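Each chain, letter by letter, is given below.
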Amino acid sequence: MKKLLATTCLAAGLFGLAGAASAAECGDVTIANMNWQSAEVLASVDKIILTEGYGCNAELVVGDTVPTITSMIEKGQPDVAPEGWVDLLPDVVNRGLEEGKLVGAAVALSDGAVQGWWVPKYIVDANPDIKTIDDALKHKELFPDPEDASKGAVFNGPQGWGGTVVTTQLYKAYGGETAGFTLVDTGSAAGLDGSIAKAHERKQGWVGYYWAPTALLGKYEMVKLEHGVAADPAEWKRCNTVADCPDPKKNDWPKDKVQTLVTKAFADRAGPAMDYLNKRAWTNDTVNKLMAWMTDNQASGEEGAKHFLQENPDIWTPWVSPEVAEKVKAAL
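Calculation rules
Residues numbered from 1 in each chain as written. Predicted model: local features only at pLDDT ≥ 70, side-chain atom pairs only at ≥ 80, totals over all residues. Heavy atoms only, no water. pLDDT = per-residue confidence, 0-100. Contact = heavy atoms within 4.5 Å. Axes fitted to C-alpha atoms, helices over the stretch in contact; angles between N-to-C directions. Helix = DSSP H or I, 4+ residues; strand = E, 2+ residues; numbered from the N terminus. Parallel < 35°, antiparallel > 145°, perpendicular 65-115°, else oblique. Nonpolar A, V, L, I, M, F, W, Y, C, P; charged D, E, K, R; others polar. Buried < 20%, exposed > 50% of the residue type's maximum accessible area, 1.4 Å probe, protein only. Arc of directions from axis to C-beta. Left-handed = near helix turned anticlockwise from the far one by under 90°. Salt bridge = Lys/Arg side-chain N within 4 Å of Asp/Glu carboxyl O. Disulfide = S-S within 2.5 Å.

Visitor: Please clarify how the confidence of the model for the protein should be interpreted in this entry.
Guide: For any part of a model where pLDDT is low, the fine detail of the predicted coordinates should not be relied upon. Counting all residues, the mean pLDDT for the protein is 92, and 92% of those residues have values of 70 or more. Note on residues 1-23: pLDDT is under 50 here. Beyond four places in sequence and across chains, it has three contacts.

This is the structure we're talking about:
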């Protein structure tokens, strides 16, 4: 019996030492807190889980896509960029990966960041034949121009956005003017959002540029139109994204890869915490709804993270072990 007790105590002691070693290995960890809503709440989710679940000393630091990823490669800080928009600077990210300075963890947005032309779900429900941009452009009567009811309207983003340039080029490529549509300049992000809100309040038709994940798409159910053609990356680069290109072709809008990036130094010492960062991913629908809640409640990233963790254990507990899940739940 004494031998059994001694063995049990030794095992417990070793387990405790292993747990302490794991926390010590994780140690201090800096997490880039990017200045947009989806990135802010994901950074806060990571801080809570790494701190409460894995015993890390996690800290949020101010970040943005280009300076953060560049600093991770050149200075080894911050340790984690939860929402890295890698397609915005592919050469820099690839260099970091090839040189062994960066490690790619989970694809944070499992279905990719999405841009394109959207219509309200109630329009599609009432008109199930509308699946593509071409289909929508056959029905100008469903998408009236607010200035001229005899025409349809395609709502664009404000000047200066890349999505505005692409929408202008796609409007040409799909024959928007010939189909009797006007390309409407909404003037600002608020103007674009306002046009969608007004259409939903009046249950009117609306077609135009938007993207996900966003709080607005968590509030209003929208359906992204298909482009009806295969993606042609060379053509996309040659003309669809170039404002003064005169002959744009129909093309599919590529999804943006949004991946968690980690410094090699942190990946090497993170231990079980790295398993979490390799699994942690959520869908646009999850993020849309969470951001809509945050917007309605004027919630911070930390408040949004706590709300998500409290309300969605079915989503996040598979990212971690049962033991870690219990620690996180106890801390909320």
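Visitor: Can you help me understand the packing of helix α2 (residues 37-54) against helix α13 (residues 284-296) in this one?
Guide: Helix packing for two helices is described by the angle between their axes and how far apart those axes are. For the pair α2 and α13, the least separation of the axes is 10 Å and the interaxial angle reads 95 degrees. Considering the angle they form, α2 stands roughly perpendicular to α13. Of the residues in α13, those in contact with Gln37, Ser38 and Val41 of α2 are Val287, Leu290, Met291, Met294 and Thr295. A per-class count over the contact of α2 with α13 returns five nonpolar, three polar and no charged.

Visitor: Even after reading the chapter, I still don't get helix α10 (residues 233-240), so can you show me in this structure?
Guide: At 3.6 residues per turn, the α-helix brings residues three or four places apart onto the same side. Among the residues making up α10, those that are buried are Glu235, Trp236, Cys239 and Asn240. Axial view of α10: buried residues confined to an arc of 105 degrees, hence all on one face. Those residues of α10 that are exposed and angled more than 90 degrees off the buried face are Pro233, Ala234 and Lys237. Buried-residue contacts for α10 involve α7 (162-173).

Visitor: Sorry if this is basic, but what is going on with the packing of helix α3 (residues 65-75) against helix α4 (residues 90-98) here?
Guide: At a minimum axis separation of 10 Å, α3 and α4 run at an interaxial angle of 25 degrees. What the angle tells us is that α3 and α4 run roughly parallel. With respect to the hand of their crossing, α3 and α4 are arranged in left-handed fashion. The segment α3 lies against α4, with Ile69, Thr70, Ile73 and Glu74 engaging Val92, Val93, Arg95 and Gly96. For the contact of α3 with α4, the class distribution of residues is four nonpolar, two polar and two charged.

Visitor: Just checking my understanding: could you explain unusual backbone geometry for this structure?
Guide: Excluding glycine, residues mostly have negative phi values, and the peptide bonds linking residues are mostly trans. Residue Pro78 is bonded to the preceding Gln77 through a cis peptide linkage, with omega at -5 degrees. Along the polypeptide, Pro78 turns up in the loop between α3 and β3 (80-85). Looking along the chain, the bond that leaves Ala212 and enters Pro213 is cis, with omega of 10 degrees. Here Pro213 lies in the loop between β9 (208-212) and α9 (215-219). Look at Lys203: it is not a glycine, yet its phi comes out positive at around 55 degrees. Mapping Lys203 onto the fold places it in the loop between α8 (189-202) and β9. For Lys203, a relative accessible area of 57% gives the class exposed. Positive phi outside glycine occurs at Gln298, with the angle close to 50 degrees. Mapped onto the elements of the fold, Gln298 is located in the loop between α13 and α14 (301-311). Note on Gln298: relative accessible area 75%, which makes it exposed.

Visitor: Can you help me understand the pattern of salt bridges in this one?
Guide: A side chain with one charge may pair with a side chain of the opposite charge, provided their charged atoms come close. A complete count under the given rule lists 14 salt bridges for this structure. Across the pair Arg238 and Asp247 runs a salt bridge whose closest N-O atoms are separated by 3.2 Å. The salt bridge partner of Asp268 is Lys264, with a shortest N-O separation of 2.9 Å. Taken together, the residues Asp268 and Lys264, both in helix α11 (residues 264-269) and four residues apart, mark about one turn of the helix. Through salt bridges that share partners, Glu235, Arg238, Asp247 and Lys249 make up one connected network.

Visitor: Please clarify how the state of the cysteines should be interpreted in this entry.
Guide: Simply put, disulfide is the name for a covalent bond between the sulfur atoms of two cysteines. Throughout the structure, instances matching the rule amount to two disulfides. In this model, Cys26 is linked to Cys56 through a disulfide, with the two sulfur atoms separated by 1.8 Å. Residues Cys26 and Cys56 share a disulfide whose torsion about the S-S bond is about 100 degrees; that sign makes it right-handed. Taken as a pair, Cys26 in helix α1 (residues 2-26) and Cys56 in the loop between α2 and β2 (57-63) lie far apart in primary sequence, 30 residues in all. Residue classification places Cys26 among the buried residues on the basis of a relative accessible area of 1%. Paired through a disulfide, Cys239 and Cys245 show a sulfur-sulfur distance of 1.9 Å. Every disulfide takes its handedness from the sign of the S-S torsion; for Cys239 and Cys245 that torsion is -105 degrees, giving left-handed.

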